[in-house]
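# Examination of the molecular architecture
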Amino acid sequence: DTLSDRSIAAVAELIRSGRARRIVVMTGAGISTAAGIPDFRSPKTGLYHNLARLNLPHPEAVFEVDFFRNDPRPFYVLAKELYPGNFHPTISHAFVALLAKRKLLRLLFTQNIDCLERAAGVPPELIVEAHGSFATQRCIDCKTPFPDAEMRQCVESASPPVCALPQEADLVIVIGTSLLVHPFAGLPRLARDSVPRLLFNMERVGDFGTRADDVICLGACDDGIRKLADELGWREELEKLWVG
Ligand code: OAD
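Residues numbered from 1 in each chain as written. Predicted model: local features only at pLDDT ≥ 70, side-chain atom pairs only at ≥ 80, totals over all residues. Heavy atoms only, no water.

## Focus on the environment of Tyr-48
The cut-off we apply is this: For the purposes of this entry, the term helix denotes a DSSP run of H or I that reaches at least four residues, the term strand denotes a run of E that reaches at least two, and both are numbered from the N terminus. Residue contacts follow a heavy-atom distance rule, with two residues in contact if any of their heavy atoms lie within 4.5 Å.
Note on placement: Tyr-48 falls in the loop between β1 (23-27) and α2 (65-70). Taking C-alpha positions, Tyr-48 is 8.7 Å from His-58, a pair spaced ten residues apart along the chain. Those residues in contact with Tyr-48 that lie beyond four places of it in its chain are Phe-40, Arg-41, Pro-59, Glu-60 and Phe-63.

## Looking at the site of the ligand
This is how it is decided: Definition of nearness: a residue and a molecule or strand are near each other if at least one heavy atom of the residue lies within 4 Å of the molecule or strand. Two N or O atoms count as a polar contact when they lie within 3.5 Å, although within protein this holds only if one can serve as hydrogen donor and the other as acceptor, and sequence-adjacent residues are included solely when both atoms are side-chain atoms. Only the protein chains shown count as cover for residues, with accessible areas throughout obtained via the Shrake-Rupley method and a probe of 1.4 Å. Residues are grouped as follows: Ala, Val, Leu, Ile, Met, Phe, Trp, Tyr, Cys and Pro are nonpolar; Asp, Glu, Lys and Arg are charged; all remaining types, including Gly, are polar.
Taken together, 22 residues lie around the ligand, and Ala-29, Tyr-48, Ser-178, Glu-203 and Cys-221 are the ones closest in. Measuring from an oxygen atom of the ligand, one finds a side-chain N or O atom of Asn-201 at 3.0 Å. Met-202 is positioned with one of its backbone polar atoms (N or O) 3.3 Å from a nitrogen atom of the ligand. The fraction of the free accessible surface of the ligand (800 Å²) that becomes covered by protein chains is 89%. Classifying every residue of the shell around the ligand gives eight nonpolar, eleven polar and three charged.

## Some remarks on the pattern of salt bridges
For clarity, the threshold we go by: Any carboxyl oxygen of Asp or Glu within 4 Å of a side-chain nitrogen of Lys or Arg constitutes a salt bridge here. Accessible area is worked out with a 1.4 Å probe on protein chains only. A residue is then buried under 20% of its type maximum, exposed over 50%, and partly exposed in between.
In total, this model carries twelve salt bridges according to the counting rule given. Taking the shortest distance from any N to any O, the salt bridge between Glu-129 and Arg-118 comes out at 3.2 Å. Taken together, the residues Glu-129 in strand β3 (residues 127-129) and Arg-118 in helix α5 (residues 116-120) connect sequence positions eleven residues apart. For the pair Glu-129 and Arg-118, a shared accessibility class is recorded, and that class is buried. What you see here is one network of salt bridges that share partners, running through Arg-189, Arg-197, Asp-207 and Asp-214.

## Digging into the packing of aromatic side chains
Under the convention used in this document: Two rings belonging to Phe, Tyr or Trp (six-membered ring only in the last case) form a pair when the distance between their centres is within 6.5 Å. Interplanar angles under 30 degrees mark stacking, angles over 60 mark edge-to-face geometry, and anything in between is tilted. Two conditions define a charge located above a ring, namely a distance within 6 Å from the ring centre to NZ of Lys or CZ of Arg, and an angle within 35 degrees of the ring normal.
Counted by the stated rule, this structure contains four aromatic pairs. Relative to Tyr-48, the ring of Phe-40 has its centre 5.2 Å away and its plane inclined at 45°; by these criteria the two rings are tilted. Note on Tyr-48: relative accessible area 16%, which makes it buried. An angle of 35° between the planes, with centres 6.0 Å apart, marks the rings of Phe-95 and Trp-234 as tilted. With Phe-95 in helix α4 (residues 91-101) and Trp-234 in the loop between α8 (221-232) and α9 (235-243), this residue pair connects regions lying 139 residues apart in the sequence. On the accessibility criterion, Phe-95 (1% relative accessible area) is buried. These aromatic residues form a ring-pair network of at least three members: Phe-40, Tyr-48 and Phe-63. Taking NZ or CZ as reference, Arg-197 lies 4.8 Å from the ring centre of Phe-208, over its face.

## Focus on the confidence of the model for the chain
What counts here: A score from 0 to 100, pLDDT tells how confident the predictor is in each residue.
Mean pLDDT over the chain works out to 85, with 85% of the residues at or above the 70 mark. Note that residues 149-163 has pLDDT below 50 and, in this model, 20 contacts with residues that lie over four places away or in other chains. Here the predicted complex carries an ipTM of 0.98, next to a pTM of 0.75.

## Looking at the environment of Pro-38
Within the secondary structure, Pro-38 sits in the loop between β1 and α2. Among the residues examined, Pro-38 registers a relative accessible area of 30% and is labelled partly exposed. Not counting chain neighbours up to four residues away, the residues in contact with Pro-38 comprise Thr-33, Thr-45, Leu-47 and Leu-82.

Pasting the structure below:
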């Protein structure tokens, strides 16, 4: 399982020819590791292996609301470290922005809360932040939101059709996720059978490989994305967009 140039070329041709124009992208923490934000489950570097200092009953507790009610401090320790502003989007983020710029992005589903999609230039109305994000906050009891116009717009435009939209896709690109957390993990399966699904990840995940048109690019996503951009003839534009 190495990067398959030939298959990437086929996907690039699909896009270049205009046959894929409603591209749905699904991302996880792996798209942001090159930006310096740890993912959750990678051995050694993953967040869940490095939370001992927070004294948690189990690592995932830092994101569990029942635990948070008892003691919100560990979450705030983490939030401070991960807060947007200190990190720059990766070229993979920029690629999603480029898809949007070229009117080829139907929707981006992200599990990430780092807001790097927006920072890269993906329009907020095209982003579904499946696990919330730092862009918005509200009281967990009275639900009173802290005002944030951009956040409201994102929620308003993105939330209602979450589960139906993958069925509209004519190409699905999945970047940097273990696909272990539901319901997000089930999204790639919602793509119609005939729709090609392209995975950029360190490892094979989900049901990738079970469909004839699955394309699996193992390795760092930024490398795979550059490859795809090369095939598309978009490389120069992408690098420019990324650097800003
Ligand atoms: P994980 O840490 O579970 O998975 C990250 C995946 O990205 C792994 O398969 C890595 O091998 C891969 N990866 C890491 N760096 C990469 C790179 N540069 N290029 C390509 N692949 C890379 O993160 P998620 O799948 O996002 O939920 O985790 C899902 C959810 O679990 C998170 O949103 C969070 C967590 O509990 C909540 O907090 C609700």
